[in-house]
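Per-entry structural report
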Amino acid sequence: MSRDKKIRVKREKRPRPPGKAARRAWEASNERVRDVLHSMAFMGPSLLGVSVFFIVPFLVVVYYSVIRSPINREFVFLDNFIAVLQNSSFQTAAKNTAAFSAVAVPLAVVLSLGLALMLECRIPGKSWLRTFFLSPMMVPVASVVLIWQVVFHYNGTLNAVLSAFGISPVDWLNSAYCQVVIIVLFLWKNLGYNMILFMAALNNIPKELLEVADVEGASPAHKFFNIKLRYLSPTVLFVTILSIISSFKVFREVYLLTGDYPYIGLYMMQHFMNNTFRYQEFQKMSAAAVLLALVMVVLIILLFRAEDAFGKDVEG
Amino acid sequence: MRKNYYLGRGLLTLVAVFFAFAFLMPTVLTISNSFMTQSEISANYGTVFSNAAGNTNTYISDTVNLKFIPDKVSLSQYITVLIKSPDYLLKFWNSVILVVPIVLLQVGVASITAYSFTRWRGKLRSFLFFFYVILMLMPYQVTLVPNYLVSDWLGILNTRWAIIFPGMFAPFSVFLLTKFMRRIPASLIEAAKLDGSSEWQIFKDICLPQCRSALYSIAILVFIDYWNMVEQPLVLLQDAEKQPLSVYLSTINANEVGLAFAIATIYMVPCLLLFLHGEDYLVEGIAHQGSVKG
């Protein structure tokens, strides 16, 4: 950088004939054009792919969501949306997915932060613990589903253990408790990943700040809420968003455990999508996809705002 | 005070050990159960899996017996899977030819895109980057219908390209790799430019070598994500014989639960190997995601 500057300064000092200035201007604009061309050449494949596979079809989906049907292309504006919102399977799917995310995401954030803080303390075998906590993320859902079936079945291990404590058995996957099961599975899979994010962020908190706090006799709670949490706020945001995304993927566990038509409490958004696909109801599906996209964008903006308000006085 | 400190540490260790146990158990159990014979599996879990097939005669006891160590270590399940019925291996191969191209192509496309995002800044480009982030954050249910439509138009529905193409352009790697590349000192690139290197040379000889560990960790993350996929094949691949093992495993019937354990174990082997070999890269890769903004 500095070398570049020096050279340029030298050139500037030398008097130039007017023709050369024009030539330099032309060269500069030439370079800008070349830059644009270069950047396009590098970005091109991805932009093209994203346009073809995501943007254009999504615009078509938006279009589909406001017409009567692919054959009768009459503009009906919100009719499809109203139909979807009144559809009872959609309501069930939306309710279950929202209820699941509303519980699982905060739990995932708090517990993984807890694990990260725990690994900051002086306990033996930390690197092993990190490996163990992270391992579920690498295990395919399909592989461990067998064990989950054994554990959560009515005649399964969990009920056997509970009955030893005198608690009557629960049909975990076919009762109001089903959401508990998938929350456990979700946490099992995702805590490790989030924990790593928090560990990295904790590492980046300036040590001097914490030392000063120690010298001034700040309590651990004070240190946590007034220093650490402030610096962690971008990570909290990121982990929250990531967990929301992963919470939509819990369908995998549900599907592999219970198939296409699970107990009503486990009927997720993806089930709704799959079943609508089977009947090729594109209007319904498009409206659902657009609604979901809108909800996600609003949610992301709200979270960004919240983080801005909370973490704005911290730099870095 | 001191006593309290040790008590706290002890308690914390206990909690940590409990968590470690809970996190590790399902994986270990799956692996150890894959070494049991079919009769032992039926004896232990008959009551759970018999309902699924609709026959109630196969089970022996009413409760399950989740066992850690097999009565008799046997490789019979593996022999069946690997030699006697190549059907399962075919499904495994389906997974491989879906996931490996996606990983290679996505990382390849992402590396040049990330270079572009790193090398040239501007209003339009930061808007584009933000757009990629939003796209990355969309749940699969949003992109599913668009994916289906394009595959239909291009006539690749029900072929593996319907999954590979969208996977190739998924913005996740672009996001992560851009974060990595922006850490390369700008002076390095400027110096190369003054030396007369072309953009392609700068990219190939300076950026990529600097990002080697990042590329590896991103490849692991992408691999694990697609190795796990269930939604895409369910919608985009209707033929059962084209389905990857992740979907097929759930359709194995009750009489073959023993086999299922062996297949499940085989299915996690590539992931576990990657994990054991690349854990540090993986951790680094996750840690660098930092925040979504900026």
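What counts, and at which threshold
- Residues numbered from 1 in each chain as written.
- Chains lettered and ligands numbered in written order.
- Predicted model: local features only at pLDDT ≥ 70, side-chain atom pairs only at ≥ 80, totals over all residues.
- Helix = DSSP H or I, 4+ residues; strand = E, 2+ residues; numbered from the N terminus.
- Rg over C-alpha atoms; globule rule 2.2 N^0.38 Å.
- Contact = placed C-beta atoms within 7 Å.
- Buried ≥ 20, exposed ≤ 12 C-beta atoms within 10 Å, placed from the backbone.
- Axes fitted to C-alpha atoms, helices over the stretch in contact; angles between N-to-C directions.
- Parallel < 35°, antiparallel > 145°, perpendicular 65-115°, else oblique.
- Left-handed = near helix turned anticlockwise from the far one by under 90°.
- Nonpolar A, V, L, I, M, F, W, Y, C, P; charged D, E, K, R; others polar.
- Domains from an automatic or database assignment.
- pLDDT = per-residue confidence, 0-100.
- Expected span 1.5 Å × (residues − 1).
- Bend = angle between axes of the 7 residues up to and from the residue.

**A word on the overall build of chain A**
Within chain A, the secondary structure is distributed over 13 helices and 0 strands. Listing each helix as α and each strand as β along chain A from the N terminus yields α-α-α-α-α-α-α-α-α-α-α-α-α. A compact globule built from 316 residues would reach a C-alpha radius of gyration of about 20 Å, whereas chain A, at 27 Å, exceeds it by more than 25%. Within chain A, contacts between residues at least 6 apart in sequence are counted, and of these 72% link residues at least 24 apart.

**Quick word on the overall build of chain B**
Helix and strand counts for chain B come out as 14 helices and 0 strands. Start at the N end of chain B and walk to the C end: the helices and strands fall as α-α-α-α-α-α-α-α-α-α-α-α-α-α. Looking at chain B as a whole, 46% of its 294 residues are labelled buried. Of the contacts made within chain B by residues no fewer than 6 positions apart, 77% connect residues no fewer than 24 positions apart.

**Structural notes on unusual backbone geometry**
Residue and element names in this part refer to chain B. For Asn158, which is not glycine, the phi dihedral falls at a positive 70 degrees. Looking at where Asn158 falls in the secondary structure, it is placed in the loop between helix 6 (140-154) and helix 7 (161-168). The class for Asn158 is partly exposed, based on 14 C-beta atoms found within 10 Å.

**So, the packing of helix 6 (residues 141-152) of chain A against helix 11 (residues 251-258) of chain A**
All names here are of chain A. Closest axis-to-axis distance for the helix 6/helix 11 pair is 9 Å, and the angle between their directions is 55 degrees. Put simply, helix 6 runs oblique to helix 11. The handedness of the crossing between helix 6 and helix 11 is right-handed. Packed against helix 6, whose contacting residues are Val141, Ala142, Val145, Trp148 and Gln149, the element helix 11 presents Arg252, Glu253, Leu256 and Leu257 at the interface. Looking at side-chain class alone, the contact of helix 6 with helix 11 contains 6 nonpolar, 1 polar and 2 charged residues.

**Observations concerning the domain arrangement of chain A**
As a measure of interface size, the accessible area lost when the parts come together is often cited. Per the domain assignment, the segments of chain A are domain 1 (2-47) and domain 2 (84-311). Here the C-alpha centroids of domain 1 of chain A and domain 2 of chain A sit 50 Å apart.

**Points about the confidence of the model for chain A**
All names here are of chain A. This prediction gives chain A a mean pLDDT of 80; 92% of its residues lie at or above 70. For chain A, helix 1 (residues 2-13) is the element with the lowest average pLDDT, namely 50, and helix 4 (residues 88-120) is the one with the highest, namely 89. Per-residue pLDDT stays below 50 along residues 1-6; that stretch engages in 5 contacts with residues further than four places along the chain or on separate chains.

**Brief notes about helix 14 (residues 257-287) of chain B**
In a regular helix each residue adds 1.5 Å, so 31 residues correspond to 45 Å; helix 14 of chain B covers only 38 Å between its end C-alpha atoms and thus falls short of that length. Of all bends in helix 14 of chain B, the biggest is about 80 degrees, found at B:Gly278.

**Observations concerning helix 9 (residues 207-215) of chain A**
With 0 of 9 residues buried, helix 9 of chain A lies mostly on the surface of the structure. Taken from the residues just after helix 9 of chain A, A:Gly217 is the one with a positive phi, measuring 75 degrees.

**A look at the interface of chain B and chain A**
Each partner contributes residues to the interface: chain B has 80 residues there, and chain A has 76 residues. In the side of chain B that touches chain A, the residues fall into 55 nonpolar, 17 polar and 8 charged.

**Examining the confidence of the model for chain B**
The predicted model of chain B averages 80 in pLDDT, with 88% of residues at 70 or higher. Across residues 52-60 of chain B, where pLDDT falls below 50, the model places 15 contacts with residues more than four positions away in sequence or in other chains.

**Brief notes about the environment of A:Tyr63**
Residues and elements named next belong to chain A. Looking at where Tyr63 falls in the secondary structure, it is placed in helix 2 (residues 18-64). Of the residues examined, Tyr63 has 12 C-beta atoms within 10 Å and is grouped as exposed. Spatially, the C-alpha atom of Tyr63 lies 50 Å from that of Asn155, the residues being 92 residues apart in sequence.

**Description of the environment of A:Asp260**
With respect to the helices, strands and loops of the structure, A:Asp260 is situated in the loop between helix 11 and helix 12 (269-278). Along the primary structure A:Asp260 and A:Thr276 are separated by 16 residues, whereas in three dimensions their C-alpha atoms are 12 Å apart.

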